[in-house]
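Remarks on the overall topology
For reference, the chains in residue letters:
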Number of protein chains: 2
Amino acid sequence: MRLVVIGGNAAGLSAAARARRLDRWLEIVVLEKGPVVSYAACGLPYYIEGRVRRLEELQVASIEEFRTKRRIDVRTGAEVAAIRHASREVALAGGERIGYDKLVIATGARPARPGIQGRDDPRVFALQTFADAERLRAFLDQRRPRRAAIIGGGYIGLEMTEVLRARGLHVSLYSADDRLLGSANGSLQEALARRLERFGVALHTNRPVRSLSELEVDGREPDLVLLAAGFRPNVELAAEAGVEIGRTGAIRVDERLETNLTGVYAAGDCAEALHKITGRPAYIPLGTTANKMGRVAGANAAGRRERFPGVLGTSIVRVCGLGVGMTGLAGEDARAEGFDTVSARIEALERAEYFWGAKITVELTAERRTGRLLGGLVIGERGVAHRTNVIAAALEGGLGVEELEMLDLAYTPPYARVWDPVLIAAQQLRKLLS
Amino acid sequence: MRLVVIGGNAAGLSAAARARRLDRWLEIVVLEKGPVVSYAACGLPYYIEGRVRRLEELQVASIEEFRTKRRIDVRTGAEVAAIRHASREVALAGGERIGYDKLVIATGARPARPGIQGRDDPRVFALQTFADAERLRAFLDQRRPRRAAIIGGGYIGLEMTEVLRARGLHVSLYSADDRLLGSANGSLQEALARRLERFGVALHTNRPVRSLSELEVDGREPDLVLLAAGFRPNVELAAEAGVEIGRTGAIRVDERLETNLTGVYAAGDCAEALHKITGRPAYIPLGTTANKMGRVAGANAAGRRERFPGVLGTSIVRVCGLGVGMTGLAGEDARAEGFDTVSARIEALERAEYFWGAKITVELTAERRTGRLLGGLVIGERGVAHRTNVIAAALEGGLGVEELEMLDLAYTPPYARVWDPVLIAAQQLRKLLS
């Protein structure tokens, strides 16, 4: 029995490692087209910042570890040119064919490349791979650019405003629409705009960029342009092999993460996942989800029957020192999905002032008719992951608003408050619902 | 209609305030025997430390605010001598009688006073009231004691080790048993012992103290003794009036927090609460619970029908910089309640090293036969409230171990990890259960 995994990062390697733990006899081959496997892409902005000194610190595990400790044949520079499911084999770009019994597609995503004139200009950078990061850091260290334009208001674009400001550059951020982080939530947009302004970042929303010549930073043209306009799932290889693509544009999978082709699974940034709040497939590429999907796909490929339960889209990002956490669907994001909603938004200290308590905003949204909790948004300088994750667990457990209001949370002055901001928001929401 | 509340702190004032919000016509009288109402007792150690400069900072709301803004007649120095339920009145120590239609008993708890010879010695202090705190801080400021003995290994005793060490004293801690924080959990005891040793606190367990002459600090007799041997519920007034006392020694209540006497409610540190894991009444006096019980008792006294859902016993304490969080029943604490258990304990970084990630220990316990999650213990220098509260929400929502393992939590390097320590612990626990 041979398992072939296409893709050597979060989802692919999680699948391979889990399959190995469950089946010590399985032959496992991982094919990675790039030169590096198993790296923590989310850490790249902090390598640019300088906080991560060497890229190797972002290497989660080495090829050697996979080969010797786990007996997984990890190959880099191994680009798959075609999947031939009829004969259960993949063809590499160099011509080699590798047969499989089970296949996990974990081809990930690539940066979206909006049709921008001049995007091959040497001032233009992306930030997905180690090579991207090395090139950008070298440029910053050696050329000392002064003015950066960032195209895209997603995670990387926003994280990089902080990094580039910290490195002393003037920064303009261009977003094609008015939905930073892809969210319609009004409180979120307002908080981000305020924070960017406070940190001297010029924010241009509803400004799709067609040519580099449109960009200006501090009244002049930028000497650094970062393309961070989101990601597109790498589905072409799968689609050509007859794997069904969902409406989101990513690979469609069932709850066991199997595609329409028997024995072929998909996981991570190339695949859809069930959104637990809408009950519909969604495309929300995140490292957390990729790792979890990989584990489940690997288990099923190794003969188990495991279910991937779906996602809440829980995420957090730090933007110029401001933490923004989201889980489920809050405010306008729930309304955009067709829910009739009630939202409560409160601001409270997240711990006592004498322990440097910071203000935190919590917004909770429920469905008006049923009172069902739909999601939460948390914004602040401290304690944001904490509250976001409490709300995520409440959503997962299907807590009612009354149950959330009475949730027995921990308190002591150095760490928390006697009425946690999440509980205060739940109190407000219950009043609005009754 | 008149509501009388006995006790002017967390539970009593929460009850009064909630009743007012629900019924603007109700007459509300709060009788507090002490000189101060509405203070945050949990902050007293940090007043002794000096971080809280004035006691007024720990005053949550003033009597004036209650009187004018909420039209609640709050009286201090008003000691109730008897409850006469047959005639629906309370008699004050001075002789005055006040009739009631509804009564909320929120008499709180008092420091346990183990039979110690010499406890009236001027070197002996407690820490429950503003007066206690003023006396202790003045003693520290003026007399500059060098050697402190703390009697009791509960929250206050342990918090005060940190405070007194920070003020430069030598400190010995005496515990009557080997269960600091009242817990049988082995990992907890070990972590606390290690931390106290590292901070130069001499820990004496299984050492019930009968006379001050037994105490030694740094080889000599202490010049400061702090009595912190736990709390006893103030139930005498209620018991004399015919209110039923439960097996825990605290006032027995139903799920609406009504006692056996119709129209008489009890809330806070004088009352029992249903423990959600054991399904039995428990006595776990905490400020969080007192506030929540007060709200429910106040609502029911004002004519609503609300249910207090019970407690998980979620708590957190900081001991010499180490956070210790507990929720539900973990490890030996679950076994002590008769459960046949499986526990997983893991240690992991709670965020990336390049964001000063600290190691955190998470222990999760489940019932062996059913796989039901019973509780968690979290120990570390950062992120402890966060993980404790995620586990609390998971317990509240009845998440299975598999659901917890796949919980969609937030990740970004500055705040969290791609596999949160709670998820890693759940993975381990699932393996042990299967």
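For the structure itself, look to the data block above.
What this report covers is the structure whose coordinates are included nearby. Here the structure is a predicted model, which means the values were calculated and not measured.

Some details on the state of the cysteines
Scanning all chains against the criterion turns up zero disulfides over all chains. Of the cysteine sulfurs around A:Cys270, a residue in no disulfide, the closest is that of A:Cys42, at 16 Å. Cysteine B:Cys320 is unpaired, with the sulfur of B:Cys42 as its nearest cysteine sulfur at 18 Å.

Side note on the sheet that holds strand β2 (residues 27-31) of chain A
Residue and element names in this part refer to chain A. The sheet built from five strands is open, its strands ordered β3-β2-β1-β7-β15 with parallel pairing. A single partner strand is all that each edge strand has here, and the edge strands are β3 (73-75) and β15 (264-266). Taking each pair of neighbouring strands and ignoring which way they run, the sheet shows an average axis angle of 15°. Against the sheet, helix α1 (residues 10-22) engages β1 (2-6), β2, β3 and β7 (102-105), with an angle of about 170° to β2.

Re the relation of the copies chain B and chain A
Note on the copies: chain B fits chain A at an RMSD of 0.0 Å, the axial shift is 0.0 Å, and the rotation between them is 180°. What the superposition gives is, in effect, a two-fold axis relating one chain to the other. When the interface residues of chain B are mapped onto chain A, 100% of them again fall at the interface, so both copies present the same face.

Here's the deal with a positive patch on the surface
A cluster of basic residues, A:Arg21, A:Lys69, A:Arg70 and B:Lys431, forms a positive patch on the protein surface. Following the sequence through the fold, A:Arg70 ends up in helix α3 (residues 63-70). Note on A:Arg70: relative accessible area 32%, which makes it partly exposed.

Looking at the sheet that holds strand β19 (residues 322-328) of chain A
Residues and elements named next belong to chain A. What the five strands build is an open sheet, ordered β18-β19-β22-β21-β20; its pairing is antiparallel. At either end of the open sheet lies a strand with only one pairing partner, and these are β18 (315-319) and β20 (341-349). Sheet twist, expressed as the average angle between the axes of neighbouring strands with direction ignored, equals 15°. Bridge count between β19 and strand β22 (residues 373-380): six bridges; the pairing is antiparallel. Bridging across to β22, glycine 325 finds its partner in valine 378.

Observations concerning the pairing of strand β5 (residues 89-92) of chain A
All names here are of chain A. Judged by which residues are buried, β5 turns out to be covered on both faces: Glu89 and Ala91 on one side and Val90 and Leu92 on the other are all buried. Sheet topology places strand β4 (residues 80-84) next to β5; four bridges connect them, and they run antiparallel. Bridging across to β5, valine 80 finds its partner in leucine 92. In sequence, β4 turns back onto β5 through a hairpin of four residues, with arginine 88 there showing a positive phi of about 50°. In terms of strand pairing, β5 meets strand β6 (residues 97-99) through three bridges, oriented antiparallel. In the strand pairing of β6, alanine 91 is matched with arginine 97.

Quick notes on the packing of aromatic side chains
A ring pair, where both rings are aromatic, is described by two values, the distance of the centres and the angle of the planes. On inspection of all chains with the given rule, the structure shows twelve aromatic pairs over all chains. For the ring pair B:Phe125 and B:Phe139, a centre distance of 4.8 Å and an interplane angle of 50° mean the geometry is tilted. Of the two residues, B:Phe125 is situated in strand β9 (residues 124-125) and B:Phe139 in helix α4 (residues 130-143); the sequence distance between them amounts to 14 residues. In this structure B:Phe125 comes out as buried when scored by relative accessible area, which is 2%. For B:Phe139, a relative accessible area of 12% corresponds to the buried category. Note on B:Phe355 and B:Trp356: the rings are 6.2 Å apart at their centroids and 85° apart in plane angle, and the pair reads as edge-to-face. Under the relative-accessibility criterion, B:Trp356 is labelled exposed at 58%. An aromatic cluster of at least three residues, connected via ring pairs, comprises A:Tyr46, B:Tyr354, B:Phe355 and B:Trp356. Its end group placed over the ring of B:Phe125, B:Arg135 keeps NZ or CZ at 4.0 Å from the ring centre. Directly above the aromatic system of A:Trp419 lies the positively charged group of B:Lys292, at a separation of 5.7 Å from the ring centroid.

What counts and how
- Residues numbered from 1 in each chain as written.
- Chains lettered and ligands numbered in written order.
- Predicted model: local features only at pLDDT ≥ 70, side-chain atom pairs only at ≥ 80, totals over all residues.
- Heavy atoms only, no water.
- Disulfide = S-S within 2.5 Å.
- Pairing = 2+ DSSP bridges.
- Helix = DSSP H or I, 4+ residues; strand = E, 2+ residues; numbered from the N terminus.
- Axes fitted to C-alpha atoms, helices over the stretch in contact; angles between N-to-C directions.
- Contact = heavy atoms within 4.5 Å.
- Least-squares fit on C-alpha atoms with pLDDT ≥ 70 in both.
- Patch = residues over 30% accessible without salt bridge, like charges linked within 9 Å, V, L, I, M, F, W, Y side chains within 5 Å.
- Areas by Shrake-Rupley, 256 points an atom, 1.4 Å probe, with all protein chains shown as cover.
- Salt bridge = Lys/Arg side-chain N within 4 Å of Asp/Glu carboxyl O.
- Lys, Arg positive; Asp, Glu negative; His and termini not counted.
- Charge placed at Lys NZ, Arg CZ, Asp CG, Glu CD.
- Buried < 20%, exposed > 50% of the residue type's maximum accessible area, 1.4 Å probe, protein only.
- Phe/Tyr/Trp six-rings, centres within 6.5 Å; stacked < 30°, edge-to-face > 60°.
- Lys NZ or Arg CZ within 6 Å of the ring centre and 35° of its normal.

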